[in-house]
Amino acid sequence: MGDESPACRSCGARSLATVLSLGRTPLANRLLAREQLDEPEPTYPLTLACCASCSLVQILETVPPEILFREYAYFSSYSDTMLRHAEAIARRLIETRRLSGESRVVELASNDGYLLQYFVKEGIPVLGIEPAENVARVARETRGVRTLAEFFGVGLAGRLREAGEPADVIIANNVLAHVADLNGFVAGIRVLLKDDGVAVIEVPYVKEMIDRVEFDTIYHEHLCYFSLAALTRLFERHGLAVEAVERIPVHGGSLRLFVVPRAALGDDGGVRALAAEEERWGVDRLGFYQGFGQVVASLRERLRALLHDLRRAGRRLAAYGAAAKGSTLLNYCGIGAETLEFVVDRSPYKQGRYMPGVRLPIHPPARLVEALPDYVLLLTWNLAEEIVEQQAEYRRRGGRFIVPVPEPRVV
Ligand code: ZN
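Per-chain numbering applies: the sequence of each chain, read as written, is numbered from 1 onward. Note on the predicted model: pLDDT of at least 70 is required for a residue's local features to be given, and 80 or more for side-chain atom pairs to be given and counted; whole-chain, interface and lining totals, by contrast, use all residues. Excluded from the side-chain calculations are hydrogens and water; all other atoms, namely the structure's heavy atoms, are used.

Caption draft 1: Main features of the sheet that holds strand S6 (residues 147-148). Here, strands pair whenever DSSP counts at least two bridges between them. The secondary structure listing takes helices from DSSP runs of H or I that are at least 4 residues long and strands from runs of E that are at least 2 residues long, numbered from the N terminus. Taken in spatial order, the seven strands make up an open sheet running S6-S5-S4-S7-S8-S11-S10, and their pairing is mixed. Edge positions in the sheet fall to S6 and strand S10 (240-248), since each of these pairs with one other strand and no more. Two elements, strand S5 (residues 126-129) and S6, share two bridges in a ladder whose sense is parallel. Bridge pairing links Ile 129 to Leu 148 in S6. When checking whether two residues touch, look at their non-hydrogen atoms; a contact exists if any pair is within 4.5 Å. Between the N-to-C directions of two axes lies an angle of 0 to 180 degrees, each axis being a line fitted to C-alpha atoms and, for a helix, fitted only over the stretch in contact. Contacts from helix H2 (residues 80-96) reach strand S7 (167-173), strand S8 (193-204), S10 and strand S11 (254-261) within the one sheet, and its direction differs from that of S11 by about 25°. Across the sheet, helix H8 (residues 228-236) touches S8, S10 and S11, and the angle it forms with S10 is around 155°.

Caption draft 2: Quick peek at the environment of Val 403. Here Val 403 shows up in strand S16 (residues 400-403). Remark: the alpha-carbon pair of Val 403 and Leu 303, spanning 100 residues in sequence, is separated by 9.6 Å. Ignoring any residue separated from it by four or fewer positions in sequence, one finds Val 403 in contact with Leu 378, Trp 381, Pro 408, Arg 409 and Val 411.

Caption draft 3: The arrangement of the coordination of the zinc ion in detail. Every protein donor of the zinc ion is listed here as Cys 8 (SG), Cys 11 (SG), Cys 51 (SG) and Cys 54 (SG), and their distances to the metal cover 2.3 to 2.4 Å. Keep in mind that water is not among the atoms, so a site may look incomplete; donors are the N, O and S atoms within 2.8 Å of the metal, or 3.2 Å for Na, K and Ca. For a four-donor site, all angles between 85 and 135 degrees give tetrahedral; for four or six donors, opposite pairs above 155 degrees with the remaining angles between 65 and 115 give square planar or octahedral; all remaining cases count as irregular. Viewed at the metal, the four donor atoms of the zinc ion are separated by angles of 103 to 116°, and the geometry they form is tetrahedral. All donors of the zinc ion come from a single chain, and their spacing in sequence reads C-x2-C-x39-C-x2-C. One end of the pair, Cys 11, is in the segment before strand S1 (16-26); the other, Cys 54, is in the loop between strand S2 (43-51) and strand S3 (57-59), with 43 residues separating them in the sequence. When a residue's accessible area, from a 1.4 Å probe over protein chains only, is under 20% of the maximum for its type it is buried; when over 50% it is exposed; and in between it is partly exposed. For Cys 11, a relative accessible area of 31% translates into the label partly exposed.

Caption draft 4: Geometry of the sheet that holds strand S17 (residues 409-410). Strand order in the open sheet formed by six strands is S14-S13-S12-S15-S16-S17, and the pairing between neighbours is mixed. A strand with exactly one partner marks an edge of an open sheet, and here the two such strands are strand S14 (362-363) and S17. Of the strand pairs in this sheet, strand S15 (residues 375-378) and S16 are connected by three bridges, and their pairing is parallel. The partner of Val 376 across the bridge, within S16, is Phe 401.

Caption draft 5: Local environment of H2. With 17 residues, H2 extends 24 Å between its outermost C-alpha atoms, agreeing within 8% with the 24 Å of an ideal straight helix rising 1.5 Å per residue. Of all the residues in H2, the buried ones are Met 82, Leu 83, His 85, Ala 86, Ile 89, Ala 90, Leu 93 and Ile 94. Here the buried residues of H2 occupy an arc of 160° about the axis, which is enough to place them on one side. When the buried face of H2 is taken as reference, the exposed residues oriented beyond 90 degrees from it are Arg 84, Glu 95 and Thr 96. In this fold, the buried residues of H2 make contact with helix H3 (116-120), S7, S8, S10 and S11. Positive phi shows up at Arg 98, right after H2, with a value of about 50°. Between the first and last residue of a helix there are one fewer steps than residues, each counted as 1.5 Å, and that sum is the expected span. Read the arc as the range of directions from the helix axis to the C-beta atoms.

Caption draft 6: A look at the domain arrangement of the protein. Domain start and stop positions are those given by an automatic or database domain assignment. With domains assigned, the protein is organised as domain 1 (76-289) and domain 2 (304-410). A straight line from the C-alpha centre of domain 1 to that of domain 2 covers 31 Å. Think of a salt bridge as a Lys or Arg side-chain nitrogen and an Asp or Glu carboxyl oxygen that are within 4 Å of each other. Run the count over domain 1 and domain 2 and you get one salt bridge. A salt bridge links Arg 346 to Asp 80; the shortest N-O distance between them is 3.6 Å. Each polar contact in these results corresponds to two N or O atoms within 3.5 Å; when the atoms are within protein, one needs to be able to donate a hydrogen and the other to accept it, and residues that are neighboring in sequence are counted only if both atoms are side-chain atoms. Counting the contacts that link domain 1 with domain 2 gives four residue pairs in polar contact (both at pLDDT 80 or more).

Caption draft 7: Here's a closer look at the pairing of strand S12 (residues 317-320). Side-chain alternation along S12 places Leu 317 and Ala 319 on one buried face and Ala 318 and Tyr 320 on a second face that is also buried. Summarising the sheet, S12 and S15 pair through four bridges and their orientation is parallel. Each residue of the ladder has a partner; that of Tyr 320, found in S15, is Leu 378. Note: S12 against strand S13 (residues 343-344), two bridges, orientation parallel. Looking at the pairing, Tyr 320 lines up with Val 344 of S13. On the question of chirality, the crossover connecting S12 to the parallel S13 by way of helix H11 (residues 324-333) is right-handed. A clockwise course of the path from the first strand over the helix to the second, judged with the strands pointing away from the viewer, identifies a crossover as right-handed.

Below you can see the structure in the form of structure tokens.
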């Protein structure tokens, strides 16, 4: 305790400059059951900051992981787009790394086995590590993916290494941003990885978040927002180096990094090219982030005005996607039951529950055609193409979608 300013999650410097404050918000993945509607809901401040020392963008608050992740509601397999993405990277790794029955693939935050299943089908030994027990059980029971329900860190990595389970490939998709002990997690990757192994790490790219005003990807589970510059400093501290980097479209624009033990680093020309671009954009300088708060506040006003005008004209509105980013957007913008009738989502786990904070009921997507709202606010804009395609019947009957970022618009 005390009034000391918080330390950077990567370099430890006490030089965090606030970029954007989203006020107090409920936990974005804490969907409510009907019987919880009478109970008070915990809220926490949500503040984005940038480290003046190592340039890592991060939030200042850390909600204990036991509260956040034990009953995580996000099942990867409910998105066709994510499944195709998973299968493609699995096939590519099997081929380029020449994986066989002698290899070992470990995925950190392996979710419901959505990705490791493609290695299992080819007879390649896998181990999933997934802290949410309810999700780990699905991986084991329905996909035959060996899964440990534990938090990954240097301790678990050391035990696995001693048990004779070093990894040829470690996959960490969309998890690094969730990790409170960032240095312990990356140190664990080094411990678990064979000297000639590779870690494939995907993170949402902070450059895209800023450029595309994806402020709704900020919530308490997402502690960090990475650039190549900030990641390079983090990995170097633990004897790792980025050998290759790709920009991929998932989650609103991500980086996929191929990370190897520093001694094994080969030609990294592609990495140097992006590093030079980041330098030019100024991604590792505070100034790059400083106008973001104003941009986000202005987007909120435009979205509220658009929805307000539609309501005043007698239009009926609903939303698609009970995802965490939807919770951030609705709660920060103050859009609730006075504007939207309900939210639909494909995950049976979410149906019948209520959105955090704004407490909108969550129904199956079929409700769109039954209730025929005039407009649907697309909260999961990262899956826009897939969802708009699936909702052909709703659109045929005159339904329209509203995409909120980077600029509210009707499509
Ligand atoms: Zn730092």
